[in-house]
Amino acid sequence: GAGVSQSPSNKVTEKGKDVELRCDPISGHTALYWYRQSLGQGLEFLIYFQGNSAPDKSGLPSDRFSAERTGGSVSTLTIQRTQQEDSAVYLCASSLQAGGPGELFFGEGSRLTVL
Amino acid sequence: AQTVTQSQPEMSVQEAETVTLSCTYDTSESDYYLFWYKQPPSRQMILVIRQEAYKQQNATENRFSVNFQKAAKSFSLKISDSQLGDAAMYFCAYRIVGGSNYKLTFGKGTLLTVNP
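Procedures and definitions
- Residues numbered from 1 in each chain as written.
- Chains lettered and ligands numbered in written order.
- Predicted model: local features only at pLDDT ≥ 70, side-chain atom pairs only at ≥ 80, totals over all residues.
- Heavy atoms only, no water.
- Helix = DSSP H or I, 4+ residues; strand = E, 2+ residues; numbered from the N terminus.
- Rg over C-alpha atoms; globule rule 2.2 N^0.38 Å.
- Buried < 20%, exposed > 50% of the residue type's maximum accessible area, 1.4 Å probe, protein only.
- Contact = heavy atoms within 4.5 Å.
- Areas by Shrake-Rupley, 256 points an atom, 1.4 Å probe, with all protein chains shown as cover.
- Lys, Arg positive; Asp, Glu negative; His and termini not counted.
- Charge placed at Lys NZ, Arg CZ, Asp CG, Glu CD.
- Buried area = accessible area lost by both parts, 1.4 Å probe.
- Salt bridge = Lys/Arg side-chain N within 4 Å of Asp/Glu carboxyl O.
- Polar contact = N/O pair within 3.5 Å; in protein donor to acceptor, adjacent residues only side chain to side chain.
- Disulfide = S-S within 2.5 Å.
- Pairing = 2+ DSSP bridges.

(A) Examining the overall build of chain A more closely. Check the secondary structure of chain A and you find 0 helices and 11 strands. Ordered by position in the sequence, the α and β elements of chain A form the string β-β-β-β-β-β-β-β-β-β-β. What you see for chain A is a C-alpha radius of gyration of 13 Å, in line with the 13 Å of a compact globule of 115 residues. The proportion of buried residues among the 115 residues of chain A is 48%. In chain A, once contacts between residues fewer than 6 apart in sequence are set aside, the share between residues at least 24 apart is 55%. Total accessible area on chain A is roughly 5200 Å²; 45% of this is exposed by carbon and sulfur atoms. Here chain A contributes 10 positively and 12 negatively charged side chains, and the mean placements of these two sets differ by 4 Å.

This is the structure:
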């Protein structure tokens, strides 16, 4: 596709369930980022990938959160045993390369609601 | 750690008027990049303008310009001739040059309302 694609657009789940959020970056973009956007909290960095490697996982809030990227393309963010505080919009972005002045291209996000 | 502060949670402007959104940042680095991103109700973030710290000239993109004050660590966004389509959340962001940390650090955003 022409842009960054995220799915699902909206997800409602029950507390304790696992969820997977998918990000399909722009073709050829080597860097991929995950951010979490909570109401009034701006964008919180979670993790970024350079190719299939994740040099910086410092933003993952707990060990319930994990992410992987395969084939230098699609990435999946997995949240295990979801909690109500995990409710947020999860944004994915990609860029041609990591670092530099390069623009990040964002998807429309996945809104997660944990009941 | 680098931090980005946007002191105005909300701003409003009349259509065709000019508005300035504030951003300050804290860093010990001498070289870095600064960005303004716009997030309309559709949720998709769009780059508005960027500035490289080693360039003294302020960046300009059509109706959008910045006032970059390196010593004061200030990076404000000016929107001239505001249009209804400018209504959005605006985020200021920072990234260092070089090193191994490529993440963008964002402020909490300023919600801009444009009144007809």
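(B) Molecular detail of the interface of chain B and chain A. Facing 21 residues of chain B, the contacting portion of chain A comprises 28 residues. Both faces considered, chain B and chain A share a buried interface measuring about 2000 Å² in area, 50% of it formed by carbon and sulfur atoms. Our count for the contact surface shared by chain B and chain A stands at 0 salt bridges. At the junction of chain B and chain A, the tally comes to 8 residue pairs in polar contact (both at pLDDT 80 or more). Of the residues forming the side of chain B that touches chain A, the biggest block, 4 residues, is contributed by strand 5 (residues 32-39) of chain B.

(C) Just the state of the cysteines, in detail. Residues and elements named next belong to chain A. Taken as a whole and judged by the stated rule, the model has 2 disulfides over all chains. The disulfide partner of C23 is C92, and the S-S distance across this bridge is 1.9 Å. Because the sign of the S-S torsion sets the handedness, a value of about -65 degrees for the bond joining C23 and C92 places this disulfide among the left-handed ones. Linking C23 in strand 3 (residues 19-24) with C92 in strand 9 (residues 88-95), this pair joins segments that are 69 residues apart in sequence.

(D) Focus on the pairing of strand 7 (residues 65-69) of chain A. Residue and element names in this part refer to chain A. For strand 7 and strand 8 (residues 75-79), the ladder comprises 5 bridges, and the chain directions are antiparallel. Within the sheet, the bridge partner assigned to E68 lies in strand 8 and is T76. With antiparallel pairing between neighbouring strands as the criterion, strand 7 and strand 8 make up a hairpin whose turn holds 5 residues, including G71 at a positive phi of roughly 60 degrees.

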